[in-house]
Amino acid sequence: METYLWITSVWGIYLTAIVFFGGMAWRIYQWATTPKSPVRLGMFPKPKSGAGRFGKLLADTFIAPQSAKIEPTMWIFAMAFHVAALGAFVGHLRLIHEFPFLPEWLGEAGMNTFAAWSGSIAGILMLVGVLFWIVRRTFGPYKSLSVPEDYLLLFLLLGVVAMGDHMRFVYGGVVHAATYREWFLSLMTFKPEIPAELLASNVGVSLGTHMLFTDLLLMYFPFSKLVHAIGAFSSNLVRSE
Amino acid sequence: MDSTQLTTLTGVIDKKMNRQLKQYMDICARCAICKDACHQYVGTGDFKYLPARRAELIRQIYKKYFTKTGEFVPALYEARDPDENLLDELYDSTYACTGCRRCMYYCPFSIDTAWILSVAKAILIAAGKGNEMLGQLADAAIFKGDNAEMFNDVMVSGFEDIQEEVRAITGNPNSRVPVNKEGADILYVALAGAHSIRPAAVIFEEAGENWTISMFEAANYGFFYGDVEKARLITKRYIDEAKRLGVKEIVVPECGHAYRVAEFFYEAWSKEPMPFKISHILEKVDQYIKAGRITVDKGLIEGKVTYHDPCQLGRNGGKFEEPRDIVKAVTDNFVDLTPNRAEQWCCGGGGGIVAMEEFKDVRLASGIKKVEQLKASGASVLACPCENCRLQIEELNEIHELGLQVWQVIDLVVAAMPLKGTKPTHA
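About the criteria used
- Residues numbered from 1 in each chain as written.
- Chains lettered and ligands numbered in written order.
- Predicted model: local features only at pLDDT ≥ 70, side-chain atom pairs only at ≥ 80, totals over all residues.
- Heavy atoms only, no water.
- Helix = DSSP H or I, 4+ residues; strand = E, 2+ residues; numbered from the N terminus.
- Rg over C-alpha atoms; globule rule 2.2 N^0.38 Å.
- Contact = heavy atoms within 4.5 Å.
- Areas by Shrake-Rupley, 256 points an atom, 1.4 Å probe, with all protein chains shown as cover.
- Lys, Arg positive; Asp, Glu negative; His and termini not counted.
- Charge placed at Lys NZ, Arg CZ, Asp CG, Glu CD.
- Buried < 20%, exposed > 50% of the residue type's maximum accessible area, 1.4 Å probe, protein only.
- Pairing = 2+ DSSP bridges.
- Salt bridge = Lys/Arg side-chain N within 4 Å of Asp/Glu carboxyl O.
- Domains from an automatic or database assignment.
- Buried area = accessible area lost by both parts, 1.4 Å probe.
- Polar contact = N/O pair within 3.5 Å; in protein donor to acceptor, adjacent residues only side chain to side chain.
- Patch = residues over 30% accessible without salt bridge, like charges linked within 9 Å, V, L, I, M, F, W, Y side chains within 5 Å.
- Phe/Tyr/Trp six-rings, centres within 6.5 Å; stacked < 30°, edge-to-face > 60°.
- Lys NZ or Arg CZ within 6 Å of the ring centre and 35° of its normal.
- Axes fitted to C-alpha atoms, helices over the stretch in contact; angles between N-to-C directions.
- Expected span 1.5 Å × (residues − 1).
- Bend = angle between axes of the 7 residues up to and from the residue.

Draft legend 1. Examining the overall build of chain B more closely. A tally of regular secondary structure across chain B gives 21 helices and seven strands. A globule of 427 residues ought to have a C-alpha radius of gyration of about 22 Å, and chain B, at 22 Å, matches this closely. Dimensions of chain B along its principal axes, counting C-alpha atoms only, are 75 × 50 × 35 Å. Put simply, of all contacts in chain B between residues at least 6 apart along the chain, 78% involve residues at least 24 apart. Of the roughly 15300 Å² of accessible surface on chain B, 49% is carried by carbon and sulfur atoms. Taking the 51 positively charged and 60 negatively charged side chains of chain B as two groups, their mean positions are separated by 5 Å.

Structure, rendered in structure tokens:
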């Protein structure tokens, strides 16, 4: 198990960081150095002012009101997934630093309860979102549109979320943020070590598998359609040109 | 496949590559939200008309020849060569597309499928599979530009006939259809056919406008065909005329794509700034009515009137309110279609599809949403600017027995003007 964790949750993370950040930089460089379309591709209604365009860009990218109007079900699930993913990301920041204020307000037990609830809700929403997408893609009338990349990404995402949920629901009361933080900070300071507490319980298997899927997902991220995470800003801005 | 052909076709993508195309290729999540946006997919349920699928064919080539991951693991993206199978499907999905960009409106990433399909058309043309009918119509227009003197006499006598008709309508023997008038303020670029000139002439003359007409029409089959050079040459014909006559402003007719070509595309094609103000005829008419330069009477138009936003004029041209204001000025009995403006359903007749007999079935099937909208409105008169929309809707009108009168907006205006002459009878 120790080897598994060293591969997935130490060296794998370093490799992933290099591939992910390098890949995203490469992707952005490629977009930035390709000349813009000579034709203005905007559509109407089109805000006249720069501020209006910026506001519309934010609304279109973060809320996608037009998509909500045409397929509300998809929008609700997609929105739930993305908001939950953002919540989960914010929650994971505890790996680097405990939140300010919150622990003082809530106390240690209160903080654990809060983390359990918020983490559980986010974890369930993400799981539901991924399952919905798998079903919609597999059984929808337009399933022929899907290519293996779509299923691969959903599979990796399902692995990340399922194992994250496993850690949350099975070991949430056993291993707390401080232990994970010890491990993660050791990575960030380039003195990697795996705390004995992670090895002692079976949480190591969950963590290792959670990280395995995360490594694979993030390494593939810059080369997959997931680059919509940054590309959507640019393409939505063009809508107002 | 043949390696020369392959180099040619991937070379087309390389030449057409730009940031927007690259991003559209990279970011589409294949979420298929566009499925309910496309009138052709909704009307036929045929997979090849799903907007994301149309784009996916180009993406399959792009992945294989323009990305490392697609080159190494093509199966992951179903990446493939632009072989006969791909090109055959691409032909259908590309030339059938009306370019309405309703899918772009609803796409969470605003992916412009029509822009992707402009590359598809370039690929098809390079493969010798461009639509023949559109290509021939484009070539005929370019031929007319190169041999203008051949057409001069017949056109001038045609304009004289129209001038007589205009005089009969206005009841004013001094009404004119000025041809090639140097020093005019406005060059009106009409469509081929008296129907787009006569009512415009009545309005310009009654408004006391210093206008002229010249020999070249605004319709652009090079644009529909997908050949930028042909499209540029066709537009250049009237740009050159405008320069020669020294006008200040070019006014394009009700036709939808003519406005978009002049206002949004020509600068990019010609790589020079547009030296004229470009206006749509309905912008001018709206100004004339609001400024009191022409008078319209409410009550001369009978029945409930509705208005269809042609995609190139509305969603893609931004002219939502001017035509509505005109219609509301000629009748108190106006009802809008639902949905309308940016969400307006494409009628199914745009993009040159009405000229291509082979797409008749999909074209008529794709009109079902428009038919439902028109029925639900309860209107008996439809004001519809775009020529292609009108051809399509008139055909739907007949097949579905809607009993609608389909009018050009400028015809509606002329019918509502208190003129001394005899009103033209409407179909």
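Draft legend 2. Geometry of the pairing of strand β3 (residues 249-252) of chain B. All names here are of chain B. Taking every second residue as pointing to the same face, both faces of β3 are buried, with Glu249 and Val251 on one and Ile250 and Val252 on the other. In this sheet, β3 lies alongside strand β1 (residues 186-188) in parallel orientation, the contact comprising three bridges. Of the residues in β3, the one forming a bridge with Leu187 is Ile250. Here β3 pairs with strand β4 (residues 277-280) via four bridges, running parallel. Residue pairing in the sheet places Val251 in a bridge with Ser279 of β4.

Draft legend 3. Quick look at the pattern of salt bridges. What the rule picks out here adds up to 48 salt bridges over all chains. In this structure, the salt-bridge partner of Glu343 of chain B is Lys69 of chain A, at a minimum N-O distance of 3.0 Å. Taken together, the residues Glu343 of chain B in the loop between α17 (321-330) and α18 (360-365) and Lys69 of chain A in helix α3 (residues 65-70) connect one chain to another. The closest approach of N and O atoms between Glu98 of chain A and Arg181 of chain A, which form a salt bridge, is 3.5 Å. One end of the pair, Glu98 of chain A, is in the loop between α4 (72-92) and α5 (102-139); the other, Arg181 of chain A, is in helix α7 (residues 177-188), and 83 residues separate them in sequence. The network of salt bridges with common partners includes Arg137, Glu149, Asp150 and Lys225 of chain A together with Arg30, Glu56 and Arg59 of chain B.

Draft legend 4. Local environment of the domain arrangement of chain B. Residue and element names in this part refer to chain B. Here chain B is described as being made up of domain 1 (3-129), domain 2 (134-290) and domain 3 (305-416). Between domain 1 and domain 2, the C-alpha centre-to-centre distance is 34 Å. At the junction of the two partners, domain 1 supplies eight residues and domain 2 supplies nine residues. Between domain 1 and domain 2, a total of about 530 Å² is buried, with carbon and sulfur atoms accounting for 50% of that surface. Together, Tyr95, Lys121 and Ile125 form the three largest contributors to the area buried by domain 1 at its contact with domain 2, with a combined 61%. Counting across the interface, domain 1 meets domain 2 through zero salt bridges. Joining domain 1 to domain 2, the criterion identifies two residue pairs in polar contact (both at pLDDT 80 or more).

Draft legend 5. Region of the structure containing a nonpolar patch on the surface. Residue and element names in this part refer to chain A. Among the surface-exposed residues, Leu86, Phe89, Val90, Leu93, Ile96, Leu185 and Met188 lie close enough to one another that they form a single nonpolar patch of about 610 Å² accessible area. In terms of residues, the nonpolar patch owes the most to one element, α4, which gives three residues. Summarising the element assignment, Met188 is placed in helix α7.

Draft legend 6. Quick look at the packing of aromatic side chains. All names here are of chain B. Here the structure, examined in full by the defined rule, presents 28 aromatic pairs over all chains. Relative to Tyr288, the ring of Phe204 lies with its centre 6.3 Å away and its plane at 80 degrees, an arrangement referred to as edge-to-face. Of this pair, Phe204 sits in helix α12 (residues 198-206) while Tyr288 sits in helix α16 (residues 281-290), placing them 84 residues apart in sequence. Look at Phe204 and you get buried, because its relative accessible area is 0%. Members of the aromatic cluster, joined through ring pairs, are Tyr221, Phe223, Phe224, Phe265 and Trp269. Here the basic side chain of Arg102 rests over the ring of Trp345, its NZ or CZ set 3.7 Å away from the ring centre.

Draft legend 7. Region of interest: the interface of chain A and chain B. Counting residues at the interface gives 50 residues for chain A, matched by 51 residues for chain B. Interface area, chain A with chain B, both sides summed: about 4600 Å², of which 60% is carbon and sulfur. Of all residues in chain A, Phe44, Ile70 and Leu145 of chain A bury the most surface against chain B, accounting for 16% of the area lost on that side. Our count for the contact surface shared by chain A and chain B stands at five salt bridges. Where Arg27 of chain A meets Asp26 of chain B, a salt bridge forms, and the shortest distance between an N and an O atom there is 3.1 Å. Applying the counting rule to chain A against chain B returns 29 residue pairs in polar contact (both at pLDDT 80 or more). Put simply, the parts of the chain that give the side of chain A that touches chain B at least two residues each are α1 (2-33), α3, α5, α6 (148-171) and α10 (228-238) of chain A. If you tally residues by element for the side of chain A that touches chain B, the top one is α10 of chain A, at seven residues.

Draft legend 8. Inspection of the sheet that holds strand β5 (residues 305-307) of chain B at higher detail. All names here are of chain B. Strand order in this open sheet of three strands is β5-β6-β7, and the pairing throughout is parallel. Of all strands in the sheet, those with a lone pairing partner are β5 and β7 (405-407), marking the two edges. Going from strand to strand, the sheet's axes swing by 25 degrees on average, the running direction of each strand aside. Here β5 runs beside strand β6 (residues 381-383); their pairing, made up of three bridges, is parallel. Its bridge partner lying in β6, Val305 is registered against Val381. Packing of helix α21 (residues 409-416) onto the sheet brings it into contact with β5, β6 and β7, and relative to β7 it is tilted by some 100 degrees.

Draft legend 9. Structural view of the sheet that holds strand β2 (residues 211-213) of chain B. Residues and elements named next belong to chain B. Across the sheet, which stays open at both edges, the four strands sit in the order β2-β1-β3-β4 with parallel pairing between neighbours. Two strands lie at the open edges of the sheet, namely β2 and β4, each paired on one side alone. The sheet shows a mean angle of 30 degrees between the axes of neighbouring strands, taken without regard to direction.

Draft legend 10. Main features of α1 of chain A. In a regular helix each residue adds 1.5 Å, so 32 residues correspond to 46 Å; α1 of chain A covers 44 Å between its end C-alpha atoms and thus fits that length. Helix geometry: α1 of chain A is bent most strongly at Gly12 of chain A, by close to 45 degrees.

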